[in-house]
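Listed below are the residues making up each chain.
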Amino acid sequence: MKLDERGVGSAEFLFVTLIVFIIIGGMIGLINSEMNQVQTANLAQARVTGEKLAETINTVYIKGNSVNGNKYYANITIPDDIDFTATINKGNITVLSNNQNITINIIPLDVSEGFIMTSGHTYSVNNINGTITFTEW
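Calculation rules
Residues numbered from 1 in each chain as written. Predicted model: local features only at pLDDT ≥ 70, side-chain atom pairs only at ≥ 80, totals over all residues. Heavy atoms only, no water. Salt bridge = Lys/Arg side-chain N within 4 Å of Asp/Glu carboxyl O. Helix = DSSP H or I, 4+ residues; strand = E, 2+ residues; numbered from the N terminus. Buried < 20%, exposed > 50% of the residue type's maximum accessible area, 1.4 Å probe, protein only. Polar contact = N/O pair within 3.5 Å; in protein donor to acceptor, adjacent residues only side chain to side chain. Contact = heavy atoms within 4.5 Å. Phe/Tyr/Trp six-rings, centres within 6.5 Å; stacked < 30°, edge-to-face > 60°.

A. Summary view of the pattern of salt bridges. Across all of its chains, the model carries one salt bridge by this definition. A salt bridge links glutamate 51 to arginine 47, with the nearest nitrogen and oxygen atoms 3.4 Å apart. One end of the pair, glutamate 51, and the other, arginine 47, are both in helix α1 (residues 5–64), four residues apart, so they sit about a helical turn from each other. With relative accessibility at 34%, the residue glutamate 51 sits in the partly exposed group.

B. Seen up close, the side chain of threonine 122. Relative to the assigned elements, threonine 122 resides in strand β6 (residues 122–128). Engagement of the side chain of threonine 122 in a polar contact is seen with the side chain of threonine 77, the distance being 2.9 Å. Setting aside chain neighbours within four positions, we find threonine 122 in contact with Ile76, Thr77, Thr135, Glu136 and Trp137.

C. Just the packing of aromatic side chains, in detail. Summed over the entire model, instances satisfying the criterion amount to two aromatic pairs. With 5.8 Å between their ring centres and 85 degrees between their planes, phenylalanine 115 and tyrosine 123 make a pair best called edge-to-face. Taking relative accessible area as the criterion, tyrosine 123 reaches 1% and is therefore assigned buried. Consider the rings of phenylalanine 115 and phenylalanine 134, whose centres lie 5.3 Å apart with planes at 20 degrees: the pair is stacked.

Right, here's the structure in full:
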C-alpha cells in the first residue's frame, strides 16, 4: 500500500502534534509541582509565625503571673511578606493562610477572644492580672 505526498504529510503532522502534546503535558506537570511546593512553603511560614505568636502569648501569660505584680507585656511584629491572619480564641489561635486553617494551642484561657492579627502589623500582648489582652500599634 503506497501513500501519496498528502498522506505522508498528514502522518508526519499527526506525529509532530503528538510530540508537542507530550511536551506540553510534561511542562504542565512541572508547573503544578512547583506551585504546590510554593503553597506548602507559604503555609509552613504561616505556621512558624503562628507558633511564634503562641510562644509570645504563653510567655507573657507565664511571666506575667510570676513577676512584676501580675503585669507583663511583649511586642510581636507579623511579617508582611506572608499571607497571614490569626484569630485569638479561648485556648487556641486559628491561623488562616492561603485559604487553609491551622490551629495552634495556647496555655491561657482568659484571653481577648476574637482579636484578629494580620500581616505587616505590630501588636502588644499584655498580661494584666492573668488576663491576656492585645493592642495594635
